[in-house]
Amino acid sequence: MQTIRVVPCLDVDKGRIVKGISFVNLLDIGDPVEHAIIYDKEGADELVFLDISASYEGRKIITYAVFNVCSCISIPLTVGGGIISLLQIEELLEKGVDRVSVNTACVKKPLFINEAVKKFGSRHIVVAIDAKRKGDSWEVYINGGRTPAGIDVIEWAKEVADRGCSEILLTSIDHDGKKAGYDLPLIKNVSSSIDIPIIASGGAGCPEHLYQAVVAGASAVLAASIFHYGEYTIKEVKEYLFRKNVPVKM
């Protein structure tokens, strides 16, 4: 098994970290820079910064908030929200962002994935998929989880993998913020259908949930609430995974 990454997530709205349930009822959690510094010191393998309202509001990502975070950490930073052009990606990468995560723009124009991969290389391009259960399957949602795209998640995951992205950030809208565990069937179905890694997102409430996501096929586990509220430190999560024989960077 490859080394599993533990990834805190900063969901940012108007320059502040927020957290809700199933992408709604957002509460102010605090300053992105303060949290980023803590997670870096605690041993996070990567940090994800998502401007969650950018796509819905039809605006660009708030770059000053991104660059403030980027300048104060030493770990890789993946950034998403409102990215619709190669120029935006170039600006972010030039300022020190390691990877960009794109959802809505890729759904509206799948060729955008190919163009971004060709210009910047696969390792810099992550495709985010926000998934919501629909009967016995899952549907892709865009615009910060507000708009159903009418696309099957499994088929879309196969397509974006074929188009060359390095990884999929897979978030369950149904499980988001509820802290009852990840959508394991979703992770299993997507991971078994593609040959690129998956970052599992949505539902972490304790270290056992992260372990379950790894067993289901995730190569990285993303969490927000358990870290933001101080319920667990990254070190505690990694120690738990290590005891379960999961390879992690200590």
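Residues numbered from 1 in each chain as written. Predicted model: local features only at pLDDT ≥ 70, side-chain atom pairs only at ≥ 80, totals over all residues. Heavy atoms only, no water.

A. Structural detail: the overall build of the protein chain. Each helix and strand in the protein chain was counted, giving eleven helices and twelve strands. Counting only C-alpha atoms and orienting by the principal axes, one finds that the protein chain spans roughly 45 × 40 × 35 Å. Buried positions account for 56% of the 250 residues belonging to the protein chain. Put simply, the protein chain shows about 10,600 Å² of open surface, and 51% of that area lies on carbon and sulfur atoms. The protein chain carries 28 positive and 32 negative side-chain charges, and their two centres are separated by 1 Å. (Helix = DSSP H or I, 4+ residues; strand = E, 2+ residues; numbered from the N terminus. Buried < 20%, exposed > 50% of the residue type's maximum accessible area, 1.4 Å probe, protein only. Areas by Shrake-Rupley, 256 points an atom, 1.4 Å probe, with all protein chains shown as cover. Lys, Arg positive; Asp, Glu negative; His and termini not counted. Charge placed at Lys NZ, Arg CZ, Asp CG, Glu CD.)

B. Fine view of helix α8 (residues 184-191). By the burial criterion, the buried members of α8 are Leu-186, Ile-187, Val-190 and Ser-191. Burial along α8 is one-sided: seen end-on, the buried residues are contained in an arc of 115°. At its buried positions, α8 is contacted by β7 (125-134), β8 (137-142), α7 (153-162), β10 (167-172), β11 (198-201) and α9 (207-216). With a side-chain oxygen lying 3.1 Å from the backbone nitrogen of Leu-186, the N-terminal cap of α8 falls on Asp-183. (Arc of directions from axis to C-beta. Contact = heavy atoms within 4.5 Å. Polar contact = N/O pair within 3.5 Å; in protein donor to acceptor, adjacent residues only side chain to side chain.)

C. Inspection of the packing of α7 against α8 at higher detail. Relative to each other, α7 and α8 sit at 40°, their axes nearing to 9 Å. Looking at the two axes, α7 sits oblique to α8. The hand of the α7/α8 crossing is right-handed. In this structure, α7 uses Val-153, Ile-154 and Ala-157 to contact α8, whose residues at the interface are Leu-186, Asn-189 and Val-190. (Axes fitted to C-alpha atoms, helices over the stretch in contact; angles between N-to-C directions. Parallel < 35°, antiparallel > 145°, perpendicular 65-115°, else oblique. Left-handed = near helix turned anticlockwise from the far one by under 90°.)

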